[in-house]
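Notes for the structure review
The primary structure of each chain is shown beneath.
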Amino acid sequence: MSSLDQQHLFLGWNWILLVPAIMMTMTSLAGARHVLLSSVPIPSAQPISNTTATNATEQFLTVHNKARAAVNVAPLSWSPKLYSDASLFVRYQRDKKGCEFADLGSSPYGANQAWASYPASPLEVVGSWADEKQYYNHAKNTCEAGHECGTYTQVVWRKTTQVGCAQATCAKEGATLTICLYFPHGNVQGQSPY
């Protein structure tokens, strides 16, 4: 992408759509769905090379665990089972659903999703989730009005111990779909993440 205006990164803790200066979020907690809007800076597009699975795993874990360390939460471990399930989800969404977000509302796992109109790296995607920290008020367990913090709180959820993530390159202009699954799931209504 040659211009920031042409970049789109769509994120999700069940659903977050991040477009230049506007983010729309649709979350699912105990069956309830909410739509929220907020402003977020768009990270610059950085093409990624053909990274090995190990390198991608390290990238996913590094950013998750950096965010967790910042709030004194134990690091996550990589789950081959969650990776396998996330990989099945992203391939299915790519092959059968045109790279739309997966409906993970009935999943036993926590989930964050991202869709970028360019080849987004694991560092960039998870970094964008972690950047929501600036809007989160831990003392009140709330998010600043007009913003969404659900992907951040899932990243740092204390009771979550495992993560597995996968990405798929979509036919839509080289777009990237990312899904991370978490166990045990976070974002339990009425509980603080840490």
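Residues numbered from 1 in each chain as written. Predicted model: local features only at pLDDT ≥ 70, side-chain atom pairs only at ≥ 80, totals over all residues. Heavy atoms only, no water.

An unreviewed UniProt entry lists the chain under the name LOW QUALITY PROTEIN: STS14 protein-like, from Dioscorea cayennensis subsp. rotundata.

Observations concerning the overall build of the chain
Note the threshold: Comment: elements are numbered from the N terminus, with helices defined as DSSP H or I runs of at least four residues and strands as E runs of at least two. Each residue gets one of three labels from its accessible area relative to the maximum for its type: buried under 20%, exposed over 50%, partly exposed in between, using a 1.4 Å probe on protein chains only. In this analysis, two residues are considered to be in contact whenever any of their non-hydrogen atoms come within 4.5 Å of each other. Here, Shrake-Rupley sampling with a 1.4 Å probe gives the accessible areas, and only protein chains in the shown set may cover a residue.
For the chain, the helix and strand inventory stands at four helices and ten strands. In sequence order, the secondary structure elements of the chain are arranged as β-β-β-β-α-β-α-β-α-β-β-α-β-β. The buried share among the 194 residues of the chain stands at 49%. Restricting to contacts in the chain with at least 6 residues of sequence separation, those with at least 24 account for 68%. When the accessible surface of the chain is summed, it comes to about 9300 Å², and 56% of that surface belongs to carbon and sulfur atoms.

Regarding the state of the cysteines
Two cysteines form a disulfide when their sulfur atoms are joined by a covalent bond. Rules: A pair of sulfur atoms, both from cysteines and within 2.5 Å, is called a disulfide here.
Scanning the model with the defined rule gives three disulfides in all. Covalent S-S linkage joins Cys143 and Cys149, the inter-sulfur distance amounting to 2.0 Å. Between Cys143 and Cys149 the sulfur-sulfur dihedral comes to about 65°; the bridge is accordingly right-handed. Judged by its relative accessible area of 27%, Cys143 is partly exposed. Under the relative-accessibility criterion, Cys149 is labelled buried at 4%.

Remarks on the pattern of salt bridges
Quick note on the threshold: Counted as salt bridges are all cases of a side-chain nitrogen of Lys or Arg within 4 Å of a carboxyl oxygen of Asp or Glu.
With the rule as written, the count across this model stands at two salt bridges. Across the salt bridge formed by Asp95 and Arg94, the nearest N and O atoms sit 2.7 Å from each other. What makes Arg94 partly exposed here is its relative accessible area of 30%.

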